[in-house]
Amino acid sequence: MSAELARRGVSRRSFLKFCAAMSGVLALPPRYAHLIASALQSSPRVPVIWLNGQDCGGNTEALLRANKPTVAEVILDTLSLDYSEVLMAAAGTQAEAAREATMAKYPNGYIAVVEGSIPLADGGVYCTVGGRAFAEIVKQVCAGALGVIAVGSCAFDGGIPAARGGITGAVGVSGFIKDKKVINLSGCPMNPENLTATIVQYLTLKEFPATDELGRPLFAYGDSVHQRCESLPHFRKKEFVKEWGDAGHRAGWCLYQMGCKGALHRRELLHNQV
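Residues numbered from 1 in each chain as written. Predicted model: local features only at pLDDT ≥ 70, side-chain atom pairs only at ≥ 80, totals over all residues. Heavy atoms only, no water.

Undergrad: Give me the lowdown on the sheet that holds strand β2 (residues 79-84), citing residues and values where you can.
TA: If you walk across this open sheet you meet the 5 strands as β2-β1-β3-β7-β9, and the pairing is parallel. Only two strands of the sheet have a single partner each, and these edge strands are β2 and β9 (182-185). Averaged over all adjacent pairs, the angle separating strand axes in this sheet is 25°, with direction ignored. With 4 bridges connecting them, strand β7 (residues 147-151) and β9 associate as parallel partners. When the bridges of β9 are listed, A150 appears paired with N184. In this fold helix α7 (residues 134-143) packs onto β1 (46-52), β3 (111-115) and β7, with an angle of close to 165° to the strand it touches most, β1. (Pairing = 2+ DSSP bridges. Helix = DSSP H or I, 4+ residues; strand = E, 2+ residues; numbered from the N terminus. Axes fitted to C-alpha atoms, helices over the stretch in contact; angles between N-to-C directions. Contact = heavy atoms within 4.5 Å.)

Structure (structure tokens):
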């Protein structure tokens, strides 16, 4: 890792600062920064099988489009991306063989990353890879994975392919894989730093981050803008602006009824029933 850091132009100081930042992001005590550094330098490369279903490829693009080498990129290079239809040189039967070889060599020892929704209608014919339904491949790969990470909105809840009027019967990964815990990194695209932090925690603690009721890591999705809003006390008192420029507006009341989406948080809405 030290040689790789130097090759990328990343100093030891920057690397340690990154590890300290990761401990903060993951809500770990400061002393964990050195444990993270040690784990990232000594852990063997973790095999990754990255599957693409019904999606635009935006999450792969987000991962690749850094404008300069970063520590996060170096960390992601510690992974062994054994299968990715977008990035691997192999194609056709060679690509399929690489996926099968990884699954056979590392049973319950690889990370499955799923990008895109999974079509289920008509036997899954709306997305096939190598002549097989994508849903069938996802089920097989996830069954033997040590962890499953769904990246992006389409993998999270079906996204645009699951919109009303669609014919593919698209669902998110959690709507299809029921016998494995799925880490959901929602967003269009997902934030690559969240993927980095999720993997960093596993490499350091040998367990994936705690999640909310939607399977999203608490370190990234535990708080919302709404929970930090200066108008939150007015929201809880049901003091809402009714019209721009009215007395409530001038007094700084909540803008929920004027279209603010910050309160769209399940528990908060349930408790307030606005």
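Undergrad: For the pattern of salt bridges, give the residues involved together with the corresponding values.
TA: Side chains that differ in sign of charge can pair as their charged atoms come close. Applying the stated criterion across every chain, the model contains 5 salt bridges. Each member of the salt-bridge network shares a partner with another, and the members are E96, R99, E100, R132 and E136. (Salt bridge = Lys/Arg side-chain N within 4 Å of Asp/Glu carboxyl O.)

Undergrad: Tell me about the side chain of S117, and name the residues and values.
TA: Relative to the helices and strands, S117 resides in the loop between β3 and β4 (118-119). Residue class for S117 comes out buried when judged on its relative accessible area of 0%. In contact with S117, not counting residues within four places along its chain, are G53, Q54, F134, C154, A155, G158, P161, A170 and V171. (Buried < 20%, exposed > 50% of the residue type's maximum accessible area, 1.4 Å probe, protein only.)

Undergrad: Please set out the state of the cysteines residue by residue, giving values where relevant.
TA: On inspection of all chains with the given rule, the structure shows 0 disulfides. In this structure C56 is a free cysteine whose sulfur lies 5.6 Å from that of C188, the closest cysteine sulfur available. Of all cysteine sulfurs, the one in C188 lies closest to C154, which takes part in no disulfide; the gap is 6.3 Å. (Disulfide = S-S within 2.5 Å.)

Undergrad: Give me the environment of C142: which residues, what numbers.
TA: Among the secondary structure elements, C142 is positioned in helix α7. With 34 residues separating them in the primary sequence, C142 and N108 have C-alpha atoms 9.2 Å apart. Ignoring any residue separated from it by four or fewer positions in sequence, one finds C142 in contact with A112, V114, V148, I177 and K180.

Undergrad: Talk me through the packing of helix α6 (residues 93-105) against α7; I want residue IDs and the actual numbers.
TA: The relative placement of two packed helices is expressed as an angle between their axes plus a distance between the axes. For the pair α6 and α7, interaxial distance at closest approach is 10 Å and the crossing angle is 25°. Relative to α7, the element α6 is oriented roughly parallel. Contact residues: R99, E100 and M103 in α6; I137, Q140 and V141 in α7. When grouped by side-chain class, the residues that make up the contact of α6 with α7 number 3 nonpolar, 1 polar and 2 charged. (Parallel < 35°, antiparallel > 145°, perpendicular 65-115°, else oblique. Nonpolar A, V, L, I, M, F, W, Y, C, P; charged D, E, K, R; others polar.)

Undergrad: Now, about α6: what can you tell me, with residues and values included?
TA: The first and last C-alpha atoms of α6 sit 18 Å apart over 13 residues, in line with the 18 Å expected at 1.5 Å per residue. Of all the positions in α6, only A95, E96, R99, T102 and M103 are classed as buried. Within α6, the buried residues cover an arc of 125° as seen down the axis, which keeps them to one side. Among the exposed residues of α6, those oriented more than 90 degrees off its buried face are T93, Q94, A104 and K105. In the core, the buried residues of α6 are packed alongside β1, β2, β5 (128-129), β6 (132-133) and α7. (Expected span 1.5 Å × (residues − 1). Arc of directions from axis to C-beta.)

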